[in-house]
Amino acid sequence: MTKTIIHPQIGEVTLSTTARSVRITLSVRPDGRVRLSYPGWVTQRRALAFLETKCDWVAAARTKMERKYPVQPPREPVSPAQRAEAKRVLPEMVARLAARHGLSYGAVRVRATRSRWGSCTARGDINLSVSLLKLPTYLAEYVVLHELCHTVHHDHSERFHALLDRVTDGHHRNLARELRAYRP
Ligand SMILES: [Zn+2]
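Residues numbered from 1 in each chain as written. Predicted model: local features only at pLDDT ≥ 70, side-chain atom pairs only at ≥ 80, totals over all residues. Heavy atoms only, no water.

**Student:** Go over the packing of helix 3 (residues 80–101) against helix 4 (residues 137–150), please, and point to the residues and values.
**Tutor:** Closest axis-to-axis distance for the helix 3/helix 4 pair is 10 Å, and the angle between their directions is 65 degrees. Once helix 3 is placed against helix 4, the crossing between them reads as right-handed. Taken together, the residues of helix 4 that come into contact with helix 3 (itself represented by Met93, Val94, Arg96, Leu97, Ala98 and His101) are Thr137, Ala140, Glu141, Val144, Leu145 and Leu148. Split into classes, the residues belonging to the contact of helix 3 with helix 4 amount to eight nonpolar, two polar and two charged. (Axes fitted to C-alpha atoms, helices over the stretch in contact; angles between N-to-C directions. Helix = DSSP H or I, 4+ residues; strand = E, 2+ residues; numbered from the N terminus. Left-handed = near helix turned anticlockwise from the far one by under 90°. Contact = heavy atoms within 4.5 Å. Nonpolar A, V, L, I, M, F, W, Y, C, P; charged D, E, K, R; others polar.)

Shown next, in the form of structure tokens:
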């Protein structure tokens, strides 16, 4: 049996009972998805009670995954025209999103960075990859929001994730998953 439930703190959790499993096991996949497996003789209620004791562990595991699997732009060339457009469009996007959410930042630099979508310095300057232009707008906005949230919290702490969740209307996890899975 496999089914999906929505846990108030964790979000989507896949429950699966297998004849072979001998105990309750909880796993977090690289994309942050959570799976709870248990033997057929364990009730769902008991498995969920186990899950309840592991919310902090899930949050810690996800944070670790995010560090381990950094989001990276695809390795493909950017034309001079795309670069020029990125330098025009992306600073506007930062200004618009910062104003909407009451966040402030220093300078915005748009570069042909291939190693990451964006970064934020300790001074609150934001660096963005020209490759962001190749993403659907809502995913590019998500990256910008991620970096803007770093002007408040310079880490990937729970407080950072709470802020990012607020500015994305609670869609932070889903957007992170989509971005990680995105292929042009
Ligand atoms: Zn970050």
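**Student:** Lay out the coordination of the zinc ion with the relevant residues and their values.
**Tutor:** Taken together, the protein ligands of the zinc ion are His146 (NE2), His150 (NE2) and His156 (NE2), with distances of 2.0 to 2.1 Å. As a motif over one chain, the donors of the zinc ion read H-x3-H-x5-H. Note that His146 is positioned in helix 4 and His156 in the loop between helix 4 and helix 5 (158–167), a separation of 10 residues in sequence. For His146, a relative accessible area of 19% gives the class buried. Relative accessible area serves as the criterion here: at 29%, His156 is assigned to the partly exposed category. (Donors = N, O, S within 2.8 Å, 3.2 Å for Na, K, Ca; no water. Buried < 20%, exposed > 50% of the residue type's maximum accessible area, 1.4 Å probe, protein only.)

**Student:** Please provide a residue-by-residue account of the side chain of His172, values included.
**Tutor:** Looking at where His172 falls in the secondary structure, it is placed in helix 6 (residues 172–181). Once residues lying within four places of it in the same chain are set aside, the contact partners of His172 are Tyr142, His161, Leu164 and Asp165.

**Student:** Tell me about the sheet that holds strand 4 (residues 34–38), residues and numbers included.
**Tutor:** Picture the strands of a sheet paired through backbone hydrogen bonds; they go either parallel or antiparallel. Spatial strand order, 1-2-4-3: four strands in an open sheet with mixed pairing. Both outer strands of the open sheet, strand 1 (2–7) and strand 3 (25–28), are each paired with one neighbouring strand and no more. Between one strand axis and the next, the sheet turns by 25 degrees as a mean value, whatever way the strands run. Relative to the sheet, helix 1 (residues 44–52) contacts strand 1, strand 2 (11–17), strand 3 and strand 4, its axis offset from that of strand 4 by approximately 135 degrees. (Pairing = 2+ DSSP bridges.)

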